[in-house]
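# Secondary and tertiary structure notes
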Amino acid sequence: MSNVDELQPSGARPPGPARPGQALVFEPREVPLGGPRAMTVRRTLPSRDRSLIGAWCFSDHYGPDDVRTTGGMDVPPHPHTGLQTVSWLFTGLIEHRDSTGVHAIVRPGELNLMTAGRGVSHTEVSTDDTVVLHGLQLWIALPRGARGIPPGFDHYAPPLVEFEGGQARVFLGSLLGSASPVPTHTPLLGAELLLDAGASARIAVDPAFEHGVLLDTEAAVVQGADLGWSELVYLGPGAESLAIANPTDRTARLMLLGGVPFGEEIVMWWNFIGESHEEIAAFREQWQGHDARFGSVDGYTPRSGGVDWLPAPALPTTRLISRRR
């Protein structure tokens, strides 16, 4: 997925630094993805108030989207550097193609993780038989020592594990006795939680991690904070457990993200993560010049009115600044 958004105020509440276990709630902002029949996504990371949760640096929540009305997802070849993309679906299917030759179908409840490393390009297209598209696109910032690695791709279908009051799928890291085999370059956690109607639970978490919980359903309470649909709650390091409750008469779905605080500054612009303004500008120039760094994607056919390649936007007139925790 391509990031074309400029940062807007996040609507975080309450303001100020988070104490251990204190909940800060971030409201999403709507961002159109694509052209005149764009599918709208709801973005909570990055924001002006928080750039990262662990190494998680980007969160787009989309759907349920009737692709017969919107046209669905059709993102032409576009580049990435210095990050990993996580595609996680609740309903629908997405066809992934990238410049390493990977052709995969993203399915609900299965992790598809693409590592950009030094550079990759890819496409994302909802399949012709998808009626409702609903899911998340997440990005992970790679630490300095991993930003130059070759691009790659990992797939994992995590088992459904039971806990008192619900179920979980752990797709990165470990939780509730379930561990993902997919390697990460910083300590991370990614899990889908399904909390039964009217249920509450307390889940042990790593106190060295900071955590974020995004709500996909109508209401939930996380660590005492009331969450509405598509809102994200941030919890600082220090909490040894996570208290969640579902006040509704339907199953609540929450996405739990965590990681050790990311100690490096990064420059993040469009689809690139790098070390400096100059490096980002060089990535942009290379993409515009069809440099071999990003390879090419085979097999992509744009839909009617679409383009076969996504040009980079113009750089801002001011110097790009670093982002930090």
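What counts, and where the lines are drawn
- Residue positions are counted from 1 within each chain, in the order its sequence is given.
- Selection of residues for local features in this predicted model requires a pLDDT of at least 70, selection of side-chain atom pairs for listing and counting requires 80 or more, and totals for whole chains, interfaces and linings are taken over all residues.
- Note that water and hydrogens are dropped before the side-chain values are worked out from all heavy atoms of the structure.
- UniProt positions are given in the numbering used here, feature names are shortened, and annotations may be inferred rather than shown by experiment.
- Working definition: helices are DSSP H or I runs of at least four residues, strands are E runs of at least two. Numbering for both runs from the N terminus.
- Throughout, a residue-residue contact means that at least one pair of heavy atoms, one from each residue, lies within 4.5 Å.
- Polar contacts, as counted here, are pairs of nitrogen or oxygen atoms within 3.5 Å of one another; within protein the pair requires one atom able to donate a hydrogen and one able to accept it, and residues that are adjacent in sequence qualify only if both atoms are side-chain atoms.
- In this analysis, the expected span of each helix is defined as 1.5 Å times one less than the number of residues it contains.
- Categorising residues by exposure relies on relative accessible area from a 1.4 Å probe, with only protein chains included: less than 20% of the type maximum marks a residue as buried, more than 50% marks it as exposed, and the intermediate range marks it as partly exposed.
- Only strands joined by at least two bridges in the DSSP assignment are considered to pair.
- For helices, the axis comes from a line fit to the C-alpha atoms of the stretch in contact; other axes are also lines fit to C-alpha atoms, and the angle between any two N-to-C directions lies between 0 and 180 degrees.
- The score called pLDDT rates the predictor's confidence residue by residue, from a low of 0 to a high of 100.

For the chain, an unreviewed UniProt entry supplies the name Pirin and the organism Segniliparus rugosus. The UniProt entry for the chain carries the following comment under Sequence similarities (unreviewed entry): "Belongs to the pirin family."

Looking at the element boundaries, T130 is found in the loop between strand 10 (120-126) and strand 11 (132-141). Not counting residues up to four positions away in its chain, the partners in contact with T130 are V67, G92 and L93. Here the side chain of T130 touches L93 through a polar contact of 3.0 Å, landing on its backbone nitrogen. At 2.7 Å, the side chain of T130 and the side chain of T127 are in polar contact.

Now for the UniProt feature "domain: Pirin C-terminal" (unreviewed entry) in the chain. Those residues carrying the UniProt feature "domain: Pirin C-terminal" (unreviewed entry) are residues 192-289 in this numbering. Between the end C-alpha atoms of residues 192-289 the distance is 40 Å, and the span holds 12% helix and 47% strand.

So, about the UniProt feature "domain: Pirin N-terminal" (unreviewed entry) in the chain. The feature "domain: Pirin N-terminal" (unreviewed entry), as given by UniProt, occupies residues 41-140 in the numbering adopted here. Helix makes up 4% of residues 41-140 and strand 62%, and the two end C-alpha atoms of the span are 18 Å apart.

Between its first and last C-alpha atoms helix 2 (residues 277-288) spans 17 Å; for twelve residues at 1.5 Å apiece the expected length is 16 Å, and the two agree. Looking at the buried residues of helix 2, the elements they touch are strand 5 (74-80), strand 10, strand 25 (267-269) and strand 26 (272-274). Once helix 2 finishes, H290 follows within two positions and takes phi at roughly 55 degrees, a positive value.

Counting buried residues in strand 7 (residues 94-98) gives four out of five residues, a clear majority hidden from the surface. As judged from the four bridges shared by strand 7 and strand 8 (residues 103-106), these two strands associate in the antiparallel manner. Residue I94 lies in a different strand from strand 8, and its bridge partner there is V106. Adjacent in sequence and paired antiparallel, strand 7 and strand 8 are bridged by four residues, among which G101 carries a positive phi angle near 95 degrees. Across five bridges, the pairing between strand 7 and strand 10 is antiparallel. Residue pairing across strands places I94 opposite S126, the latter belonging to strand 10.

Attention now moves to the sheet that holds strand 1 (residues 23-26). If you walk across this open sheet you meet the seven strands as 1-22-19-24-17-14-13, and the pairing is antiparallel. Strands at the two margins of the open sheet, each flanked by one partner only, are strand 1 and strand 13 (160-163). Between one strand and the next, the sheet's axes are offset by a mean angle of 25 degrees, whatever the strand orientation. Strand direction decides the pairing type here: strand 19 (residues 210-215) and strand 22 (residues 232-235), joined by four bridges, are antiparallel. By the bridge assignment, V213 is partnered in strand 22 with V233.

Summarising the model, the chain shows a mean pLDDT of 92, and 91% of its residues fall at 70 or more. Counting interchain partners and residues more than four positions distant, the pLDDT-below-50 stretch residues 7-11 has 15 contacts. Of the regions scoring below 50 in pLDDT, residues 13-18 engages in 14 contacts with residues more than four places distant in sequence or in other chains.

Here we take up the environment of P207. Residue placement: P207 occurs in the loop between strand 18 (200-204) and strand 19. Beyond its immediate chain neighbours, meaning those up to four positions away, P207 contacts P237, G238, A239 and E240.

Moving on: the side chain of Q137. Mapping Q137 onto the fold places it in strand 11. Its relative accessible area of 1% is what places Q137 among the buried residues. Here the side chain of Q137 touches S87 through a polar contact of 3.1 Å, side chain to side chain. In this structure the side chain of Q137 is engaged in a polar contact, spanning 3.4 Å, whose partner is the side chain of E124.

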